[in-house]
Amino acid sequence: MDINQALKGLLDAKRKLESTDAINIPTVLSTQMDRLATYTSSVEEHLAELEKQFEEAEAEAWHAAIKEGKSPSAAKTIAEYEVAKIKGEIKRLTRLVNSSWRLCGIKQSRYNHLINELKNQV
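Keep in mind it's a predicted model, so treat the numbers as computed, not measured.

Rules used in this analysis
- Residues numbered from 1 in each chain as written.
- Predicted model: local features only at pLDDT ≥ 70, side-chain atom pairs only at ≥ 80, totals over all residues.
- Heavy atoms only, no water.
- Helix = DSSP H or I, 4+ residues; strand = E, 2+ residues; numbered from the N terminus.
- Expected span 1.5 Å × (residues − 1).
- Buried < 20%, exposed > 50% of the residue type's maximum accessible area, 1.4 Å probe, protein only.
- Contact = heavy atoms within 4.5 Å.
- Salt bridge = Lys/Arg side-chain N within 4 Å of Asp/Glu carboxyl O.

What follows covers helix α5 (residues 84-121). In an α-helix, one full turn covers 3.6 residues, which means residues spaced three or four apart are oriented alike. With 38 residues, α5 should cover 56 Å at 1.5 Å per step; its first-to-last C-alpha distance of 56 Å lies within 8% of that length. All of the buried residues along α5 are I86, I90, L93, L96, V97, S100, C104, K107 and L114.

A few words now on the environment of G9. Here G9 lies in helix α1 (residues 3-17). Judged by its relative accessible area of 6%, G9 falls in the buried class. Residues G9 and L36 lie 27 residues apart in sequence; the distance between their C-alpha atoms is 7.4 Å. With sequence-adjacent residues up to four places away left out, G9 is seen in contact with R35 and Y39.

With that settled, consider the pattern of salt bridges. The final tally for this structure, using the stated rule, is 6 salt bridges. Across the salt bridge formed by R15 and D12, the nearest N and O atoms sit 2.5 Å from each other. Within this pair, R15 and its partner D12 are both found in helix α1, separated by 3 residues, close to a single helical turn. Its salt-bridge partner being E89, residue R92 comes within 2.9 Å of it at the nearest N-O pair. One end of the pair is R92 and the other is E89, both in helix α5 and 3 residues apart, which spans about a single turn.

Here is the structure:
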């Protein structure tokens, strides 16, 4: 799945989990939790690729700086500068993924509570 599609779906599922229906109706809650988990997983797969790209780009930048005669510490600084944009995106996506998984856990507790309420009404 394309990262933009996954992010759009993730944010949409989070928004729908805030609705009154998702708070009170187990089937709506379950559907949106499933959507959120699916989209979050897709974002996480993209994140793994981005982390790989980051490591490779940082190593290449460091190696190139060393070849130019820079000291190891200067090469490290240059490499960090070269990959700062990728690192920022990794941090952003990591926070989105982590908050989404936490939300899934919290909503799972709410779902279980609603199911128990329904069982007690019968």
